[in-house]
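# Secondary and tertiary structure notes
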Amino acid sequence: WPWLHKRCIQRGFFNLRPMPQLLLCTGNPGKLAELRALLPGRDLLSLRDAGLPTDLPETGHTFAANALQKARFAFERTGMPCIADDSGLEVDALNGAPGVYSARYAGQAKDDRANMAKLLHELDGATDRRARFRTVIALIDGQGEHLFEGEVRGTITTEMRGTHGFGYDPVFLPEMSDLTFGELDPVRKNAISHRGHAVWKLVRFLSEGQL
Ligand code: ITT
């Protein structure tokens, strides 16, 4: 019991201060739904709830730079703890493309089907179809700026499969799975995804600290 009591104090289980609201700085409805599912029990606000634009500036050349840029934009305007996710698909045979340009791979419209069609076209006939999804999550609060990374490796299919998820999910087959992210139900995707890994690190950080 003394051991358990000490662990509870260390982990803040007796800390009855209310958890602060967190602002999720994404305009992508698919990401927003996954972040909400991965952060149960948290008081979460969307950009729309906070009266901010949903297409935040992201002019960096790395996931980390863009995640920080989006979180800073929102933090400077609200002063709330802000969480931003910048993510994308890196394909080995395309030297890491589309990478940070994943959302606009087929044009400015951020059209998921057009992006997947372009990717399948680029890989037409390719035997090396290895790829990975990467996410960098930035948290900015009154204390500072923190980054949490996640990735999942897999391959690109030769056709779109499944209707779950968003973005490139129907063409991404994660390692050790016969089903694409588009075919997996959301709980199973979150259990192995790049975003799931990054959010676990974020949750550990939040539960160890004051947020
Ligand atoms: P925000 O910047 O507002 O968050 P966005 O859609 O512009 O929204 P990104 O710039 O981070 O987000 O682009 C990420 C793109 O990568 C996204 O449009 C998807 O096409 C793809 N992507 C990221 N995570 C994905 C996932 O879990 N499943 C499928 N595609 C994903």
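Let us look at the structure shown here. Worth saying up front: this structure is predicted, and the values here are computed from it rather than measured. (Residues numbered from 1 in each chain as written. Predicted model: local features only at pLDDT ≥ 70, side-chain atom pairs only at ≥ 80, totals over all residues. Heavy atoms only, no water.)

### Focus on the sheet that holds strand 4 (residues 130–141)
Two orientations exist for strands paired in a sheet by backbone hydrogen bonds: parallel and antiparallel. The cut-off we apply is this: When DSSP locates at least two bridges between a pair of strands, those strands are taken to pair. Each helix is a run of DSSP H or I of at least 4 residues and each strand a run of E of at least 2, with the numbering of both proceeding from the N terminus. Lines are fitted to the C-alpha atoms to define the axes, a helix being fitted only along its stretch in contact, and any angle between axes, read from their N-to-C directions, falls within 0 to 180 degrees.
With mixed pairing, six strands are arranged side by side in an open sheet as 2-1-3-4-5-6. Whereas interior strands pair on both sides, the edge strands pair on one side only; in this sheet they are strand 2 (44–46) and strand 6 (172–174). Each strand axis lies, on average, 35 degrees off the axis of its neighbour in the sheet, ignoring direction. In the sheet, strand 5 (residues 144–156) pairs with strand 6 via three bridges, with the strands oriented antiparallel. Paired with T155 across the bridge in strand 6 is L173.

### Details of the pattern of salt bridges
Applicable threshold: The salt bridge criterion pairs a side-chain nitrogen of Lys or Arg with a carboxyl oxygen of Asp or Glu, the two atoms within 4 Å. Between buried and exposed lies partly exposed: a residue is buried under 20% and exposed over 50% of the maximum accessible area for its type, with that area taken using a 1.4 Å probe on protein chains only.
Under the criterion given, the structure shown has 20 salt bridges. Ionic pairing is found between K31 and D85, a salt bridge with its closest N-O pair at 3.1 Å. With K31 in helix 2 (residues 29–38) and D85 in strand 3 (residues 82–91), this pair connects stretches of sequence that are 54 residues apart. Each member of the pair, K31 as well as D85, is classed as buried. With a shortest N-O distance of 3.1 Å, E183 and R161 are connected by a salt bridge. Taken together, the residues span a long stretch of sequence, with E183 in the loop between strand 6 and helix 5 (186–192) and R161 in the loop between strand 5 and strand 6 at a distance of 22 residues. If you follow the salt bridges from partner to partner, you end up with K31, E34, D85, D169, K189 and R195 in one network.

### Details of the nonpolar core
The line we're drawing: Residue types Ala, Val, Leu, Ile, Met, Phe, Trp, Tyr and Cys, when buried and joined through side-chain atoms within 4.5 Å, form a set referred to as a nonpolar core. Residue contacts are counted whenever heavy atoms from the two residues lie within 4.5 Å of one another.
Membership of the largest hydrophobic core comes to 18 residues, with the highest contact counts inside it found for L23, C25, A71, A74 and C82. Elements with a minimum of two residues in this core: helix 3 (63–78), strand 3 and strand 4. Looking at which element gives the most residues to this core, the answer is helix 3, with six residues. Contacts of C82, omitting those with residues within four sequence positions, involve L23, C25, A71, A74, F75, A138, L139 and I140. Core analysis: the next-biggest nonpolar cluster, separate from the first, contains 17 residues, L123, A131, I156 and L184 among them.

### As for the site of the ligand
Rules: Nearness here has a simple test: a residue counts as near a molecule or strand if at least one of its heavy atoms is within 4 Å of that partner. Polar contact is the term for a pair of N or O atoms within 3.5 Å; when the atoms are in protein, one must be able to donate a hydrogen and the other to accept it, and sequence-neighboring residues count only if both atoms are side-chain atoms. For the area figures, the Shrake-Rupley method with a 1.4 Å probe applies, and any residue is considered shielded solely by the protein chains shown.
Taken together, 21 residues surround the ligand, and among them T26, K31, K70, D169 and K189 come closest. Side-chain polar atom of T26 to an oxygen atom of the ligand: 2.6 Å apart, as the coordinates give it. Contact distances for the ligand include 2.9 Å between an oxygen atom and a side-chain N or O atom of N28. Contact with the protein chains covers 97% of the free accessible surface of the ligand, which is 610 Å². Contributing elements (two or more residues each) for the shell around the ligand: strand 3 and helix 6 (194–208). Of the residues forming the shell around the ligand, the biggest block, four residues, is contributed by strand 3.

### Things to note about the packing of aromatic side chains
Rule in force here: The aromatic pairing rule takes the rings of Phe, Tyr and Trp, using the six-membered ring of Trp, and pairs them if the centres are within 6.5 Å, calling planes under 30 degrees apart stacked, those over 60 edge-to-face and the rest tilted.
Throughout the structure, instances matching the rule amount to four aromatic pairs. With a centroid separation of 6.0 Å and an interplanar angle of 10 degrees, the aromatic rings of F133 and F181 are classed as stacked. One end of the pair, F133, is in strand 4; the other, F181, is in the loop between strand 6 and helix 5, with 48 residues separating them in the sequence. Side by side, F133 and F181 carry an identical accessibility label, which is buried. A ring pair is formed by F172 and F181, whose centres lie 5.2 Å apart and whose planes are at 40 degrees; its orientation type is tilted. Residue class for F172 comes out buried when judged on its relative accessible area of 0%. The exposure class of F181 is buried, given its relative accessible area of 0%. These aromatic residues form a ring-pair network of at least three members: F133, F172 and F181.

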